[in-house]
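# Architecture and fold: a report
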Amino acid sequence: MRYLVLGGTRSGKSAHAESLLAATDRPRYLATGAVDVDEAWGARVDAHRVRRGEHFLTIETQDPAAEMRLDPESPVLIDDLGSWVTSLLDAAKAWDDPAATITDAVDDLCSAIADHVADVVVVSPEVGMSVVAPTPVGRRFADEIGSVNNRVAQVCEIVQLVVAGRVLDLPAPSATLSAESAPDDAEQTRTPLVPVPVAPFPEAISPSASFVGAALPDGVDAEVFPAIDPPSPDVADAARARQLTLTKPPGALGLLEDLGVWISACQDQCPPHRITAPAVAVFAGDHGVAQDGVSAFPPEVTAQMVANIAAGGAAVNVLARRAGARVHVFDMSVKADVPGADAATTAYKVRNGSGDLRTGDAMTIAEARKSLAAGRAIADRLVDSGADLLIAGDMGIGNTTPAAVLIGTIADREPVVVVGRGTGIDDATWIRKTAAIRDGMRYGRRFRNEPLALLAAVGGPDLAAMAGFYAQAALRRTPVLIDGVVTSAAALVAEQLAPGASAWWRAGHRSTEPAHAFALSSLGLDPIVDMSMRLGEGTGALTALPIVSSAVDVLIDMATFADAGVSDGG
Ligand SMILES: Cc1cc2ncn([C@H]3O[C@H](COP(=O)(O)O)[C@@H](O)[C@H]3O)c2cc1C
Ligand SMILES: O=C(O)c1cccnc1
């Protein structure tokens, strides 16, 4: 989670910011204050230091972005942007030179904050609420810090204002910024902040999602799940009853009502909490079968697209930003090294590419276990760090072929009805792909009721990790939106591993891939939207996410007949 904590002088903003990281392990404190200014300043810095105690590792730096990049997995507190902007303006000799800018450094800091894996808390002064400063230097500072705060707010999920020691959560701007409220920088208006974090937030943020290896207790096999409880039937009843009290004819909000009831039941709370921290995990892997031309694109695109997702440029990133979701991408079994991949991306890598499913050796049983454990650990880490809805996405050239094999096998359909056009294959490729699916199904059939062996034979680490992720999400009582054909294949396997898990899932969309419909009907899921999409990555689920968030808002925010003084239908 990324926090921007604003406040005036002595408002209590630093103490609050520190309390946010009180529960995390050895957070780093990036002190941007100028050293040796004068005695009074020194005393003030010392007071901060005493309060922080030993918990924080203090680093004095004028380049917080560089420090963050050195260790993206450690929680970090930056205190504060006021002194940082001052030192930038000093260095650029910009105080009385309107042409000199600090834009590059601000861009760099925003991208470091956006890329940071662990929690980030940024402290900044809120100035300029009084009369305009009488000096050019005062005006310059107020202008700069105002626009820096705007920029940093855009990459933080939570923005708070501290006044007299009291903490105010600032709601995110609505999706379309009005002309007045829009920051004057064109870049900002292109990417308005999308999350709507208006629910109260805990004093201390939970430990960050540092993705560092599988974490199942000793002696627990990754494919073994305890019984899965359904979302609370009693709370579902309470939520249905509440829907009837809201100022609308009963049932008039259709599926929105069902979705609100479902989230309420998942959260065991009516009205539910607002959805504030949805997270997407994209599982990437190459597939041996892709070497023989079952896709319209070459296998090297997988690694390139993983890099694109990590850099924030893929469709999944764009839709996630709009829906207020964080995206994490994991190289489970990409064949080549992903250019510039960080430690979090490769933390769970099982192998370089999967074997050829036509001869039944996508991976070994040990690798299948390791992949399932990885997916479970990733779900755990996201839930532990506060995620309140999970989405899995896929990336892997050729992966609609193993997906069709898994769905054809489990849902018991013929190869010709589960084969799809994937990335847009031509007829000759379609024939090859159908033959590959037939061979894979012939091999996989014997493991139809043995999910671990089936994943090892005709799946791959990416699909196995998704299955572990979905089943673990259910175990952790966290709602899930399923995406397209690839993720739905993993969901079918997850339901075999952990029967009942599907009660914690909804289908985000209907893909144009034919196998998707079979998977959804086997799982008893109806898609929320049908947008003729066929991309994967998590995009279909993300398209439905704002609808689910709206459904929750309805249960929280709508007036009741009694409150609004509206006569009900008797
Ligand atoms: C540029 C690009 C971006 C993608 N994003 C998702 N996919 C999707 O298409 C691929 C599966 O289709 P097939 O089985 O036909 O290869 C996967 O990478 C999947 O994630 C993409 C594919 C491409 C080419
Ligand atoms: O439905 C999907 O998830 C899908 C469809 C085509 C290509 N890749 C993914």
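Residues numbered from 1 in each chain as written. Chains lettered and ligands numbered in written order. Predicted model: local features only at pLDDT ≥ 70, side-chain atom pairs only at ≥ 80, totals over all residues.

Per an unreviewed UniProt entry, the protein is named Nicotinate-nucleotide--dimethylbenzimidazole phosphoribosyltransferase, and its organism is Gordonia malaquae NBRC 108250. Entered under Pathway (unreviewed entry) in the UniProt record, the comment concerning the protein runs "Nucleoside biosynthesis; alpha-ribazole biosynthesis; alpha-ribazole from 5,6-dimethylbenzimidazole: step 1/2." Under Function (unreviewed entry), UniProt gives the following word-for-word description of the protein: "Catalyzes the synthesis of alpha-ribazole-5'-phosphate from nicotinate mononucleotide (NAMN) and 5,6-dimethylbenzimidazole (DMB)." (UniProt positions renumbered as here; feature names shortened; annotations may be inferred.)

## As for the overall build of the protein
Scanning the protein from N- to C-terminus turns up 22 helices and 13 strands. Out of the 570 residues belonging to the protein, those deemed buried represent 51%. (Helix = DSSP H or I, 4+ residues; strand = E, 2+ residues; numbered from the N terminus. Buried ≥ 20, exposed ≤ 12 C-beta atoms within 10 Å, placed from the backbone.)

## A short note on the site of ligand 2
Of all residues adjacent to ligand 2, which total 13 residues, the nearest are Gly484, Val485, Ser511, Arg534 and Gly536. Here the residues of the shell around ligand 2 are counted per class, giving 3 nonpolar, 7 polar and 3 charged. (Near = placed C-beta within 6 Å. Nonpolar A, V, L, I, M, F, W, Y, C, P; charged D, E, K, R; others polar.)

## Notes on the site of ligand 1
Neighbouring ligand 1 are 19 residues; Ser295, Thr400, Gly422, Thr423 and Gly536 lie closest to it. Where the shell around ligand 1 is concerned, the elements lending two or more residues are helix H10 (300-310), strand E10 (389-395) and helix H14 (400-410). Per-class residue counts for the shell around ligand 1 are 8 nonpolar, 9 polar and 2 charged.

## Here's the deal with the packing of helix H9 (residues 254-267) against helix H21 (residues 539-557)
Two numbers describe a pair of packed helices, the interaxial angle and the distance between the axes. Viewed as axis vectors pointing N to C, H9 and H21 meet at an angle of 80°, and their least axial separation amounts to 8 Å. The angle between H9 and H21 places the two elements in the roughly perpendicular class. The segment H9 lies against H21, with Leu256, Leu259, Gly260, Ile263 and Ser264 engaging Val548, Ser550, Ala551, Val552, Val554 and Leu555. Each residue belonging to the contact of H9 with H21 can be placed in one class, and the counts come to 8 nonpolar, 3 polar and no charged. (Axes fitted to C-alpha atoms, helices over the stretch in contact; angles between N-to-C directions. Parallel < 35°, antiparallel > 145°, perpendicular 65-115°, else oblique. Contact = placed C-beta atoms within 7 Å.)

## Digging into helix H11 (residues 315-323)
If you check which residues of H11 are buried, you get Val316, Asn317, Leu319, Ala320, Arg321 and Ala323. Where H11 is buried, its residues meet strand E8 (278-285), H10, strand E9 (326-333), E10 and H21. Just downstream of H11, Gly324 is the residue with a positive phi angle, here 75°.

## Re the sheet that holds E10
Pairing is parallel across the open sheet formed by 6 strands, whose spatial order is E9-E8-E10-E11-E12-E13. Two strands close off the open sheet at either side, each with one partner strand: E9 and strand E13 (527-533). Across the sheet, the axes of successive neighbouring strands diverge by a mean angle of 25°, strand direction being ignored. Summarising the sheet, E10 and strand E11 (residues 480-482) pair through 2 bridges and their orientation is parallel. Looking across to E11, one finds that Ile391 is bridged to Leu481. (Pairing = 2+ DSSP bridges.)

## What to know about the UniProt feature "active site" (unreviewed entry) in the protein
This chain's UniProt record puts "active site" (unreviewed entry) on Glu537. Looking at where Glu537 falls in the secondary structure, it is placed in the loop between E13 and H21. In this structure Glu537 comes out as buried when scored by C-beta crowding, with 28 C-beta atoms within 10 Å. The contacts of Glu537, once residues within four sequence positions are left out, are Val282, Ala314, Ala315, Val316, Gly393, Asp394 and Met395.

## Overview of the environment of Val148
Summarising the element assignment, Val148 is placed in helix H6 (residues 136-154). Contacts of Val148, omitting those with residues within four sequence positions, involve Leu81, Val85 and Val106.

## Some remarks on the nonpolar core
Of all hydrophobic cores here, the largest spans 165 residues; its most connected members are Val122, Val282, Val306, Leu406, Ile407, Ala467 and Tyr470. Counting residues per element, this core draws most heavily on helix H18 (residues 461-475), at 11 residues. Taken together, domain 1 (2-170) and domain 2 (277-545) each give at least three residues to this core, which thus spans both. Excluding residues that lie within four positions of it along the chain, Ala467 makes contacts with Leu372, Gly375, Leu455, Ala490, Val493, Ala494 and Leu497. (Core = buried A, V, L, I, M, F, W, Y, C linked by C-beta atoms within 7 Å. Domains from an automatic or database assignment.)

## As for H10
When we look at burial in H10, the residues that qualify are Thr302, Ala303, Met305, Val306, Ile309 and Ala310. Down the axis, H10 shows its buried residues gathered within 165° of arc, on one side only. Of the surrounding elements, those touching the buried residues of H10 are E8, H11, E9, helix H12 (343-346) and E10. The first or second residue beyond H10 is Gly312, which carries a positive phi of 90°. (Arc of directions from axis to C-beta.)

## Here we look at the packing of helix H16 (residues 427-444) against helix H17 (residues 451-458)
At their nearest, the axes of H16 and H17 sit 10 Å apart, and the two run at 145° to each other. Taken as a pair, H16 and H17 cross one another with a handedness that is right-handed. Mapping the contact onto sequence places Gly440, Tyr443 and Gly444 in H16 and Leu454, Ala457 and Val458 in H17. Across the contact of H16 with H17, the residue classes tally to 4 nonpolar, 2 polar and no charged. (Left-handed = near helix turned anticlockwise from the far one by under 90°.)

## Points about the confidence of the model for the protein
Should pLDDT be low for a region, the predicted coordinates there are not to be read in detail. Put simply, the protein has an average pLDDT of 89, and 90% of its residues get 70 or more. Mean pLDDT in the protein bottoms out at helix H7 (residues 186-190), which sits at 35, and peaks at E11, which reaches 99. When the criterion is pLDDT under 50, residues 175-209 qualifies, and its contacts beyond four places in sequence or with other chains add up to 76 contacts. Interface scoring of the predicted complex returns ipTM 0.99; its pTM is 0.70. (pLDDT = per-residue confidence, 0-100.)

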